[in-house]
Amino acid sequence: MASPEYLICLNCETPCYTFEWEEGEATEATCLVCGNDETDQFMRDEDFESMIGGGH
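So, here is what we can say about the structure in this document.

Conventions and cut-offs
Residues numbered from 1 in each chain as written. Predicted model: local features only at pLDDT ≥ 70, side-chain atom pairs only at ≥ 80, totals over all residues. Heavy atoms only, no water. Helix = DSSP H or I, 4+ residues; strand = E, 2+ residues; numbered from the N terminus. Buried < 20%, exposed > 50% of the residue type's maximum accessible area, 1.4 Å probe, protein only. Polar contact = N/O pair within 3.5 Å; in protein donor to acceptor, adjacent residues only side chain to side chain. Contact = heavy atoms within 4.5 Å. Salt bridge = Lys/Arg side-chain N within 4 Å of Asp/Glu carboxyl O. Patch = residues over 30% accessible without salt bridge, like charges linked within 9 Å, V, L, I, M, F, W, Y side chains within 5 Å. Areas by Shrake-Rupley, 256 points an atom, 1.4 Å probe, with all protein chains shown as cover. Lys, Arg positive; Asp, Glu negative; His and termini not counted. Charge placed at Lys NZ, Arg CZ, Asp CG, Glu CD.

### Considerations on the side chain of Asn 36
Right, so step 1: With respect to the helices, strands and loops of the structure, Asn 36 is situated in the loop between β4 (25–29) and β5 (42–44).
Right, so step 2: In this structure Asn 36 comes out as buried when scored by relative accessible area, which is 6%.
Right, so step 3: One polar contact links the side chain of Asn 36 to the main-chain amide nitrogen of Glu 38, over a distance of 3.0 Å.
Right, so step 4: Dropping the residues within four chain positions of it, Asn 36 is found in contact with Cys 9, Asn 11, Ala 29, Thr 30, Cys 31, Gln 41 and Phe 42.

Right, dumping it as C-alpha cells:
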C-alpha cells in the first residue's frame, strides 16, 4: 500500500502531513494542531470518511 498524502487526527479531525508510514500503517505521527502523537489516533482520509459515513 502506498503512503497516503495525509492522515486525519482523530482527536481534532485535522489533516496531518507529519508522519511516517510503513507496511500499511503509521509508525510515527504528530498533529501540529493539538499535539497528538499516538499513532493509533490517526486514520487515512478514505478510512475516516467511511467511518463517519461520508461519501458524496
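Next comes the rest of the description.
### Describing the pattern of salt bridges
Side-chain pairs of opposite charge can arise whenever the charged atoms involved come near each other.
Right, so step 1: As enumerated under the stated definition, the model contains 2 salt bridges in all.
Right, so step 2: Of the charged contacts, one joins Glu 46 and Arg 44 as a salt bridge, the two residues approaching to 3.6 Å between their closest N and O atoms.
Right, so step 3: The class of Glu 46 is partly exposed, set by a relative accessible area of 48%.
Right, so step 4: Arg 44 is paired through a salt bridge with Asp 47; the nearest N and O atoms lie 3.1 Å apart.
Right, so step 5: Each of Arg 44, Glu 46 and Asp 47 takes part in a single network of salt bridges with overlapping partners.

### Details of a negative patch on the surface
Right, so step 1: Taken together, Glu 20, Glu 22, Glu 23, Glu 25 and Glu 28 make up a surface patch of like negative charges.
Right, so step 2: Of all the elements in the fold, those that place two or more residues in the negative patch are β3 (19–22) and β4.
Right, so step 3: Relative to the helices and strands, Glu 20 is located in strand β3.

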